[in-house]
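# Structural features, examined
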Amino acid sequence: MSRTGDSQRSVEARQPAGDRPGHLGFIMDGNGRWAQQRQLPRTDGHAEGAEALRRVLRLAREQEIAEVTCFALSTENSEQRPAEELEFLYELLADHLEQEREEMERLQICFRAIGRLQELPRRLIDAIEKAQSETSEHQGLVFRLAVNYGGRAEMADAFCSAGAGDRSLIGAQKESALAAQLYDPAMPDLDLLVRTGGEMRLSNFLLWHSSYAELYFTPVLWPDFAAADFTAALEEYSRRSRRFGSVSSTTSGGDA
Ligand code: FPP
């Protein structure tokens, strides 16, 4: 058989990723640079970022993606960003949740927030709780927002809640016990994680759930992330081969 034939057969034998990711994550990076490029305040970049989020949720719904989780604010951001920027972001998030009520109804979005929510300002906590309760029956798309969220903080919190010392658990039971204490135990593993803005790191986002996620990095700044960029990420995902630790019959080496 020709070389072309061999390589074709090997590609076919790998487990395909499937047409679309069931759970799609976004690290929405680049708002500040988008604003800077236009000599605008950083906060204008965040406001435009909220528009990009609206766009992406519509696209995800059109593509029948089941769950989308977006990183809005990390525990590190909460500690290190200027107070005025944080206040703007808290207000923007609360306003966004209130203004998007009709859209969440129309798209049948079930909204959930994850993170150390109890540390957020009261108005934002109220807006989150209201949006969660109003959308809890929606069946179209689960949309999670990570706010004051850190992957290590989530695991540390879960570890404490799970009772770190239960030695009677064996094997996978230990992982299940910990997973049951994560911020949203119903959240599945990520299939595809997209990071905009050119950096190639996880920045403490969904460390538990991204163990086997396909990673996709793009230099496009979040406010510029358009339908074509969304499609490109999904197309790349559909070309990936996912093995979850197994080996395919025709490939050697590489067990991840
Ligand atoms: C990272 O850009 C973005 C954030 C820290 C905030 C994310 C918020 C949004 C996308 C908009 C608000 C969302 C909602 C739900 C209303 P950066 O400021 O770190 O950008 P830079 O790396 O260019 O400085």
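Heads up: the structure comes first, above all this text.
This report concerns the structure included in the present document. (Residues numbered from 1 in each chain as written. Predicted model: local features only at pLDDT ≥ 70, side-chain atom pairs only at ≥ 80, totals over all residues. Heavy atoms only, no water.)

Turning next to the overall build of the protein chain. The helix and strand inventory of the protein chain stands at 10 helices and 6 strands. Of all 256 residues assigned to the protein chain, the portion counted as buried reaches 44%. The contacts in the protein chain between residues at least 6 apart in sequence include a share of 77% that link residues at least 24 apart. (Helix = DSSP H or I, 4+ residues; strand = E, 2+ residues; numbered from the N terminus. Buried < 20%, exposed > 50% of the residue type's maximum accessible area, 1.4 Å probe, protein only. Contact = heavy atoms within 4.5 Å.)

Near the ligand, the surroundings consist of 19 residues, among which Asp-29, Gly-32, Arg-33, Arg-42 and Arg-81 are the closest. With respect to the ligand, the backbone of Gly-32 contributes an N or O atom lying 3.0 Å from an oxygen atom. Within the side chain of Arg-42, an N or O atom sits 2.7 Å from an oxygen atom of the ligand. Listed by contribution, the elements that provide at least two residues to the shell around the ligand are α2 (31-37), α3 (42-62) and α5 (83-99). In terms of residues, the shell around the ligand owes the most to one element, α3, which gives 5 residues. Partitioning the shell around the ligand into residue classes produces 8 nonpolar, 7 polar and 4 charged. (Near = heavy atom within 4 Å. Polar contact = N/O pair within 3.5 Å; in protein donor to acceptor, adjacent residues only side chain to side chain. Nonpolar A, V, L, I, M, F, W, Y, C, P; charged D, E, K, R; others polar.)

This next bit is on the sheet that holds strand β3 (residues 109-114). The strand order across the open sheet formed by 6 strands is β3-β4-β2-β1-β5-β6, and the pairing between neighbours is parallel. Strands at the two margins of the open sheet, each flanked by one partner only, are β3 and β6 (214-217). In this sheet, adjacent strand axes meet at a mean angle of 20° when their direction is disregarded. Where strand β1 (residues 23-27) and strand β2 (residues 67-71) come together, 5 bridges link them in parallel fashion. When the sheet's bridge partners are listed, Gly-25 is paired in β2 with Thr-69. (Pairing = 2+ DSSP bridges. Axes fitted to C-alpha atoms, helices over the stretch in contact; angles between N-to-C directions.)

Moving on, we come to helix α7 (residues 122-135). Between the first and last C-alpha of α7 there are 20 Å, a value that for 14 residues agrees with the 20 Å anticipated at 1.5 Å per step. Buried within α7 are the following residues: Leu-124, Ile-125, Ala-127, Ile-128, Ala-131, Gln-132 and Thr-135. Down the axis of α7, the buried side of the element spans an arc of 165°, and every buried residue falls inside it. When the buried face of α7 is taken as reference, the exposed residues oriented beyond 90 degrees from it are Arg-122 and Ser-133. (Expected span 1.5 Å × (residues − 1). Arc of directions from axis to C-beta.)

The next subject is the pattern of salt bridges. All told, the structure shown has 26 salt bridges when counted by the stated rule. The shortest N-O distance in the salt bridge between Glu-103 and Arg-106 comes to 3.2 Å. Placement of the pair is Glu-103 and Arg-106 together in helix α6 (residues 101-106), with a separation of 3 residues, close to one helical turn. What makes Arg-106 exposed here is its relative accessible area of 54%. Across the pair Asp-191 and Arg-242 runs a salt bridge whose closest N-O atoms are separated by 2.9 Å. With a gap of 51 residues between them, Asp-191 in the loop between α9 (172-179) and β5 (192-195) and Arg-242 in the segment after α10 (227-239) connect regions that are remote in the sequence. Assigned by exposure class, Asp-191 and Arg-242 land together as buried. Here the residues in one salt-bridge network are Asp-191, Glu-214, Glu-236, Arg-239, Arg-240 and Arg-242, joined through shared partners. (Salt bridge = Lys/Arg side-chain N within 4 Å of Asp/Glu carboxyl O.)

On the secondary structure map, His-23 appears in strand β1. Residue class for His-23 comes out buried when judged on its relative accessible area of 1%. In terms of polar contacts, His-23 uses its side chain to reach the backbone carbonyl oxygen of Asp-189, at 3.3 Å. Non-local contacts of His-23, meaning those with residues more than four positions away in its chain, are made with Glu-67, Val-68, Thr-69, Arg-144, Met-187, Pro-188, Asp-189, Leu-190, Asp-191 and Leu-192.

All quantities given are derived from atomic positions and should not be read as evidence of function.
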